[in-house]
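Residues per chain, in single letters:
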There are 2 protein chains.
Amino acid sequence: MASVVGVGTPDRFDDHCFIRACRGLPHERVPVWFMRQAGRSLPEYRAIRGTGTILDAIKNPDLSTEITLQPVRRYGVDAAILYSDIVVPAHAIGFGVTVTPGVGPEIEEPFRSAADLDRLRPLDPVVDTPYVLETVRQLVGELDVPLIGFAGAPFTVASYLIEGRPSRDYLNTKSLMLNDEHLWHSLMDRLADLAVASLTSQIDSGASAVQLFDSWAGALSAAQYQRYAAPHSQKVLSAIESTGVPRIHFGVNTGELLELIKGVGADVVGIDWRVQIDRARLRLGDTVALQGNLDPAAVIAGVDAAVSGTREVLALNAGHPGHIFNLGHGVLPSSDPDVLSEVVRVVHTEGAVGSADPT
Amino acid sequence: MASVVGVGTPDRFDDHCFIRACRGLPHERVPVWFMRQAGRSLPEYRAIRGTGTILDAIKNPDLSTEITLQPVRRYGVDAAILYSDIVVPAHAIGFGVTVTPGVGPEIEEPFRSAADLDRLRPLDPVVDTPYVLETVRQLVGELDVPLIGFAGAPFTVASYLIEGRPSRDYLNTKSLMLNDEHLWHSLMDRLADLAVASLTSQIDSGASAVQLFDSWAGALSAAQYQRYAAPHSQKVLSAIESTGVPRIHFGVNTGELLELIKGVGADVVGIDWRVQIDRARLRLGDTVALQGNLDPAAVIAGVDAAVSGTREVLALNAGHPGHIFNLGHGVLPSSDPDVLSEVVRVVHTEGAVGSADPT
């Protein structure tokens, strides 16, 4: 393995449109990538993915590298995102996580009481997730666009560990949160440590940006988010601030939380399709960039709907340099890749970046 | 059957705290009721419900009357809501709707093309849903609080008819909406007519207020809502404006749509727990009342969490007379009725209505 010291440090892509957009700086063209751009929607993914679980695939750096590269090659997007999963750290320290196809993460023995804290030992990325670091290093050697590393935010990971499976109402999670604040914060603190260790190791291995997925934080009221989730997300984002890599935050249904999300230290706030980008900017001001936010269902509807929706997003952004085009949530498995190619083409050819200085 | 002409006209409960709160007028105490206050969370409901489907139960006026009355007796809430279902009109005109326990509405042959429009003939409530009208009349004779009638808004009913079952992403619905605007509006227009006919008949039979459930409208972006849903909800609410009964609108995840929902003609805007009531009022001004918005999960968490959450809602409302206390979504089936009783007690004893004139 070639030495990668110095490769992929924050300087390498400082002039890249994706990194400059994350920082709200003027740049050449509107950058675009898609959450879940790698994966089931791509025939080339289905061709090589094999029959193991996603956790098996993640443990294979050559396979994970190839899966990460596939959408970059096909679409010409402006960033790659590491093929991994937000439950990898919890799995790696032996919490008993499986990812069931068509269901999502499942926990053999969900988190229930203080005794379960002992099952959440610190993550040592070099020992526990060497395959993740190897994948990052391979990617950094091959990519000519920035690589986004990522981790699950404490609330969203907690919701999986407590519910034991994907949930609609998060009743066990909220019950623990509302009834045992001390245990809740102890759990969240350990999950924050997991995220910090994972993100730091990805950045050290060459990731040029990171995204903190608090996918389900939008299930919380603003008061709940502020009290029970925000301090722990803030701990995660603060811990990596000194690396200088842009920190993206994303969750769905977060319209009422945007100011609080900015407050936890995000450089880029991802918004789902519900929040109009001009309204988000009005609420957040110009010190954060925005990422989003075409409705993933418009891609399913077909090329006309997707292009029309893409143009609406670009129009609402009005050339603001602090914008990374994306969907408002992940690419749905039944999406037609040709539609996404056309979205990329429209963003790159029609997306204009104004010269306005974002101050 | 006794004549009910004149019974339950808008005048009957004009001085009732619920109706006055709907109109933003000063009144004695903060009114409270709960969406899904009747139903599976109550042991007395489970005792009499029987084994038929909910559609069978709705066709039995004596049973539906009793089910509607149960939570009013138990909790002392300030309004009853008709025991029925938003798919009743579509079922009654023979669209082929069943409601599967634990699943929700299912459609034998989902709406797919223009040919399916013929399956949506106009509703004649006297002929098609005489049992609904009989239940309303029985209730009006027995209740000493206002009865809320209701209907499903065109978008939400369309989502069931098109998806064929409850959905997470509404992909078929949005595909039809985005790809065949003419067919979409034809469908929505018929569904608006169904809602108008149903609501008018409930009001004529004595309902003192109505709620339009656009439960899933929050899946739409503001631009989508404005173009594809709002005109049809507006048609429904306009058609009953002359009756003078308060018109409540409710949906989850509607934070970004509140101004548009006000625009379709709601007198009362229901908000889920994500939207802080003070922020909603800031966006909407004082010409609409607000309904909500305790997180239903706080009721599951137990009496301490529920009471604490109740006090937060009351504090954020700050005594504004235009507030009807409710949950931010329906009562969850596993809720403890004793917790809800305590919520009602706290609202009634601690909820203060200021004298501020809402202008």
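Our subject is the structure that appears above.
A. Examining the relation of the copies chain A and chain B more closely. When chain A is fitted onto chain B, the two copies agree to an RMSD of 0.0 Å after a turn of 180° and an axial shift of 0.0 Å. Given the turn and translation reported, the copies of this chain are related as if by a two-fold rotation axis. Most of the interface of chain A is mirrored in chain B, where 100% of its interface residues again form contacts.

B. Region of the structure containing the interface of chain A and chain B. The interface is formed by 32 residues belonging to chain A together with 32 residues belonging to chain B. Across the interface of chain A and chain B, roughly 2,600 Å² is buried in total on both sides, 48% from carbon and sulfur atoms. By the criterion of area lost to chain B, the three top residues of chain A are A:L171, A:E256 and A:R274, representing 24% of everything that side buries. Where chain A packs against chain B, one counts eight salt bridges. Put simply, B:R279 and A:E256 hold a salt bridge, and the shortest N to O gap is 3.8 Å. Summed over the shared surface of chain A and chain B, the result is 13 residue pairs in polar contact (both at pLDDT 80 or more). Sorting the residues of the side of chain A that touches chain B by element identifies helix 9 (171-179), helix 11 (222-239), helix 13 (277-284), helix 14 (296-301) and helix 15 (303-317) of chain A as the ones contributing at least two each. With five residues, the top contributor of residues to the side of chain A that touches chain B is helix 9 of chain A. Partitioning the side of chain A that touches chain B into residue classes produces 14 nonpolar, nine polar and nine charged.

C. A look at the sheet that holds strand 4 (residues 147-152) of chain B. Residues and elements named next belong to chain B. With respect to topology, seven strands assemble into an open sheet ordered 1-4-5-6-7-8-9, the strand pairing being parallel. Looking at the sheet topology across the chains shown, the edges are occupied by strand 1 (80-81) and strand 9 (323-327). Looking at chain direction, strand 5 (residues 209-213) and strand 6 (residues 247-250) are connected through four bridges and run parallel. Residue L212 lies in a different strand from strand 6, and its bridge partner there is H249. The strands touched by helix 10 (residues 181-204) are strand 4 and strand 5; relative to strand 4, the strand with the most contacts, the crossing angle is about 170°.

D. Representation of the pairing of strand 6 (residues 247-250) of chain A. All names here are of chain A. Residues R247 and H249 of strand 6 are buried on one face, and the alternating residues I248 and F250, pointing to the opposite face, are buried as well. Chirality of the crossover, the property in question, places the unit of strand 5 (residues 209-213), helix 11 and strand 6 among those that are right-handed. Across two bridges, the pairing between strand 6 and strand 7 (residues 268-270) is parallel. Bridging across to strand 7, I248 finds its partner in V268.

E. Structural context of the pairing of strand 9 (residues 323-327) of chain A. Residues and elements named next belong to chain A. Summarising burial for strand 9: five of the five residues are buried, a large majority. Residues H323, F325 and L327 line one face of strand 9 and the alternating positions I324 and N326 line the opposite face, and both faces are buried. Strand direction decides the pairing type here: strand 8 (residues 289-294) and strand 9, joined by five bridges, are parallel. Within strand 9, the residue paired with N293 across the bridge is N326.

Cut-offs and rules
- Residues numbered from 1 in each chain as written.
- Chains lettered and ligands numbered in written order.
- Predicted model: local features only at pLDDT ≥ 70, side-chain atom pairs only at ≥ 80, totals over all residues.
- Heavy atoms only, no water.
- Least-squares fit on C-alpha atoms with pLDDT ≥ 70 in both.
- Contact = heavy atoms within 4.5 Å.
- Buried area = accessible area lost by both parts, 1.4 Å probe.
- Salt bridge = Lys/Arg side-chain N within 4 Å of Asp/Glu carboxyl O.
- Polar contact = N/O pair within 3.5 Å; in protein donor to acceptor, adjacent residues only side chain to side chain.
- Helix = DSSP H or I, 4+ residues; strand = E, 2+ residues; numbered from the N terminus.
- Nonpolar A, V, L, I, M, F, W, Y, C, P; charged D, E, K, R; others polar.
- Pairing = 2+ DSSP bridges.
- Axes fitted to C-alpha atoms, helices over the stretch in contact; angles between N-to-C directions.
- Buried < 20%, exposed > 50% of the residue type's maximum accessible area, 1.4 Å probe, protein only.
- Right-handed = clockwise from strand over helix to strand, strands pointing away.

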